[in-house]
Amino acid sequence: MSTSRLEILNDGGLRHDARRPYELRSLSLSLSPHPTADGSATVTSGLTSVTASVFGPREPRSRAGTSHDRGIVSVEVGVAPWSGTREVRRSRGDKRLTEIAASIRQTFEPVILLHLYPRSEITINIQVISADGGILPTAINATTLALLDAGIALLDYTTSLSVGLHLTQPLLDLSAPEEADLPHLVVASCPASGKVTLAAMETRLHVDRFEEMLRLGVDACRVIRDEMESVVKKKAAEVVRRSQAVIGVPDAR
Amino acid sequence: MPREIEPPTVQRDFILASLGEGKRIDGRVPLEMRPIKLEFGDELGWCTCHLGKTSVLAQVTASIVKPRDDRPYEGFLLINSEISPMASSVYEAGRNSEDEVLITRMLEKSIRRTEAVDREALCILAGEKVWQLRLTLHFLADQGNLLDCAALAAMTALRHFRKPEIEVIGDEVIVHSPDERAPVPLAIHHVPLCVTFAYFENLPPILDPTHLEAVLSTGSMSLTLNAQRELCVLSKAGGTALAVEEIMSVVNVGVSTVREMVKVMEEALERDRGSRIIEVR
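Everything numeric here is computed off the predicted structure, so don't read it as measured data.

A. Looking closely at the overall build of chain B. When its secondary structure is counted, chain B shows five helices and 14 strands. Along the longest, intermediate and shortest principal axes, the C-alpha atoms of chain B span 70 × 45 × 40 Å. Within chain B, the proportion of its 281 residues that are buried is 48%. For chain B, contacts bridging at least 24 residues in sequence account for 70% of all contacts bridging at least 6. Approximately 13,300 Å² of chain B is accessible, and the part contributed by carbon and sulfur atoms is 51%. For chain B, the distance from the average site of its 31 positive side-chain charges to the average site of its 42 negative ones is 1 Å.

So, in structure tokens, the structure goes:
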């Protein structure tokens, strides 16, 4: 299967970037990096960095496609020219970007409580700042955080990551060289229910192996949720502290 | 873009109520496909696939071109698939709607990225001449599930196609016309086929949704599988969240469905081959 000289797993059981098979890349989550968006977040996973900003709920830019009883979601995805995607530079009309945008929109449509926002639009802008594998999962994670930051009602966190398979050993959170060599699956799930909202796979794989990867992916999504929750709670505590300072409520402590 | 009229509430309620009882409005059970009909043209590599009232025409042609410098041994497989307004009034000529992009991307992933056709076998003279296959899909009518129909038409056309026999003497390449020597089939590694399922809130999934069912559904999942129980592409982009068990049960249904589809395809190809006996005197 693998054609390059990259050693996916060495004799010590370590991957090319010295991670163990189930180890995720260093994950950093930051909320509200964007000054004017209603909500924004940057998720950096290893060398992949994606910023999502959310505008809305606001009046739809065009009447077409609006609905009288529920809000609509629109997604734009852009890839920075310096992001390091080895392929040709991707422009706005690129089919792959349209596909990523459609996946993100369809992932979040059932998660956002759209009936609370009739006749309005929620715009999600995604910018891939640097790419080293896992653009789609990182974008989904960034979008979840940005939506939370914008205070939009969600059913649950939606977290995502990629799962690869080397011989019979599943690997989590692939980097670009691994992605090029291994069959891999992107899973997005709602950790509270453990249900899968998005699953995307593009390479040949036996059905029995697939189930194992899917289950592992769902478990790993829970880990990312915990990570996200701690960041969100920290931010919320900060907001509460500041607002209490302004209105002069005595500190509870 | 002309917007489609949403189905009336009465119709929606009726369809959902019947699905709740395990019935579909065209008389199928939930996990049943519409009848597949494959027709072949006079030329080799020309195939129309009808899936109920959905129909797609696939045509394969070959020409000789120069390979890419970085891949001197590889031929090309180009997939042209533009959905014209003929299929349905929601498609606009020359403009890629989102549905259209998803269908074409899925076809590319299913057929090209899974290496269904051996591209190295298309090499004639390394670095000089290779075959370029062009698979053109014409979407004739959209009554739901264009993707499965297109994938079946495409793979049948590729299996049906024969390229002219070639003889290489030194640097000379002789292309023998079909009258002179029997043309040769393509080297095909496996036959990936798509199956699409539609989901509804609190109802079991259905196979091969019609247009109306697709519009009413809350999510869909497309699988590309082959007869060797390999999952080639899986795409569940959002929609209703599913448990792992639900996904796996659908995958298993997909495996058996694809086996049946391959059988239909083999039979159709066999029948067509029988009608093409040429006498050699």
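B. Here's a closer look at the overall build of chain A. Across its full length, chain A holds four helices and 10 strands. Along chain A, from the amino end to the carboxyl end, the secondary structure elements read β-β-β-β-α-β-α-β-β-α-β-β-β-α. Its C-alpha atoms give chain A a radius of gyration of 19 Å, near enough to 18 Å, the size a compact globule of 253 residues would have. In chain A, which comprises 253 residues, the proportion classed as buried is 53%. Taking contacts inside chain A between residues at least 6 apart in sequence as the whole, the part at least 24 apart equals 68%. Total accessible area on chain A stands at roughly 11,900 Å², and carbon and sulfur atoms take up 53% of it.

C. View of the side chain of E213 of chain B. Residues and elements named next belong to chain B. With respect to the secondary-structure elements, E213 resides in helix α4 (residues 211-216). Among the residues examined, E213 registers a relative accessible area of 1% and is labelled buried. Not counting residues within four places of it along the chain, the set of residues in contact with E213 comprises R24, R28, F200, I206 and D208.

D. Just the interface of chain B and chain A, in detail. Counting residues at the interface gives 37 residues for chain B, matched by 31 residues for chain A. Where chain B abuts chain A, roughly 3,100 Å² becomes buried across the two surfaces, and 56% of that area is made up of carbon and sulfur atoms. In terms of surface lost to chain A, no three residues of chain B exceed R105, L231 and V244 of chain B, which account for 18% of the buried area on that side. Here chain B and chain A share seven salt bridges between them. Between E99 of chain A and K109 of chain B there is a salt bridge, with the nearest N and O atoms lying 2.7 Å from each other. Where chain B touches chain A, the interface holds 16 residue pairs in polar contact (both at pLDDT 80 or more). Mapped by element, the contributors of at least two residues to the side of chain B that touches chain A are α2 (98-113), β14 (230-242) and α5 (244-274) of chain B.

E. Expanded view of the sheet that holds strand β5 (residues 121-130) of chain A. All names here are of chain A. Ordered in space as β1-β2-β3-β5-β4, the five strands form an open sheet in which the pairing is mixed. Since the sheet does not close on itself, it has two edges, and those belong to β1 (27-31) and β4 (72-79), each with one partner. Going across the sheet, the axis of each strand differs from the next one's by a mean of 15°, ignoring polarity. Summarising the sheet, β4 and β5 pair through eight bridges and their orientation is parallel. Bridged to V79 within β5 is V128. Here helix α1 (residues 95-108) sits on the sheet in contact with β4 and β5, set at roughly 145° to β4.

F. Focus on the packing of α2 of chain B against helix α3 (residues 146-160) of chain B. Residues and elements named next belong to chain B. Across the interface, α2 lies against α3 with an axial gap of 10 Å and an inter-helix angle of 40°. Relative to α3, α2 is oriented oblique. Crossing geometry of α2 relative to α3 is assigned as right-handed. On α3, the residues that touch I103, M106, L107 and I111 of α2 are L146, L147, A150, A151, A154, M155 and L158.

G. Just the nonpolar core, in detail. Formed by 130 residues in total, the largest nonpolar core has its most connected members in I112 and F210 of chain A together with F139 and L223 of chain B. Here this core gets 12 residues from one element, more than from any other, and that element is α5 of chain B. Beyond its immediate chain neighbours, meaning those up to four positions away, F210 of chain A contacts L185, M201 and L205 of chain A together with L231, L234, I247, M248 and V251 of chain B. Counting residues in hydrophobic clusters, the runner-up holds six residues, among them I15, L19, A198 and F200 of chain B.

H. View of the pairing of strand β7 (residues 169-172) of chain A. All names here are of chain A. Summarising the sheet, strand β6 (residues 159-166) and β7 pair through four bridges and their orientation is antiparallel. When the bridges of β7 are listed, H166 appears paired with Q169. Adjacent in sequence and paired antiparallel, β6 and β7 are bridged by two residues, among which L167 carries a positive phi angle near 55°.

I. Molecular detail of the UniProt feature "domain: Exoribonuclease phosphorolytic" (unreviewed entry) in chain A. Following the UniProt record, the feature "domain: Exoribonuclease phosphorolytic" (unreviewed entry) maps to residues 23-152 and 158-219 of chain A here. Within the segment residues 158-219 of chain A, helix and strand shares are 31% and 45% respectively, and the terminal C-alpha atoms sit 13 Å apart.

J. Seen up close, the pairing of β14 of chain B. The buried fraction of β14 of chain B is high, at 11 of 13 residues. In the sheet, strand β10 (residues 205-206) of chain A pairs with β14 of chain B via two bridges, with the strands oriented antiparallel. Considered in β14 of chain B, the bridge of L205 of chain A is made with L231 of chain B. Connecting the antiparallel pair strand β13 (residues 219-225) of chain B and β14 of chain B is a turn made up of four residues, with R229 of chain B showing a positive phi of about 60°.

K. Local environment of the state of the cysteines. Residue and element names in this part refer to chain B. Tallied over the full model, the rule gives zero disulfides over all chains. C149 carries a free sulfur, and the closest cysteine sulfur to it, the one in C49, is 3.8 Å from it. The closest cysteine sulfur to the non-disulfide-bonded C194 is located on C232, 9.1 Å from its own sulfur.

Criteria and thresholds
Residues numbered from 1 in each chain as written. Chains lettered and ligands numbered in written order. Predicted model: local features only at pLDDT ≥ 70, side-chain atom pairs only at ≥ 80, totals over all residues. Heavy atoms only, no water. Helix = DSSP H or I, 4+ residues; strand = E, 2+ residues; numbered from the N terminus. Buried < 20%, exposed > 50% of the residue type's maximum accessible area, 1.4 Å probe, protein only. Contact = heavy atoms within 4.5 Å. Areas by Shrake-Rupley, 256 points an atom, 1.4 Å probe, with all protein chains shown as cover. Lys, Arg positive; Asp, Glu negative; His and termini not counted. Charge placed at Lys NZ, Arg CZ, Asp CG, Glu CD. Rg over C-alpha atoms; globule rule 2.2 N^0.38 Å. Buried area = accessible area lost by both parts, 1.4 Å probe. Salt bridge = Lys/Arg side-chain N within 4 Å of Asp/Glu carboxyl O. Polar contact = N/O pair within 3.5 Å; in protein donor to acceptor, adjacent residues only side chain to side chain. Pairing = 2+ DSSP bridges. Axes fitted to C-alpha atoms, helices over the stretch in contact; angles between N-to-C directions. Parallel < 35°, antiparallel > 145°, perpendicular 65-115°, else oblique. Left-handed = near helix turned anticlockwise from the far one by under 90°. Core = buried A, V, L, I, M, F, W, Y, C linked by side-chain atoms within 4.5 Å. UniProt positions renumbered as here; feature names shortened; annotations may be inferred. Disulfide = S-S within 2.5 Å.

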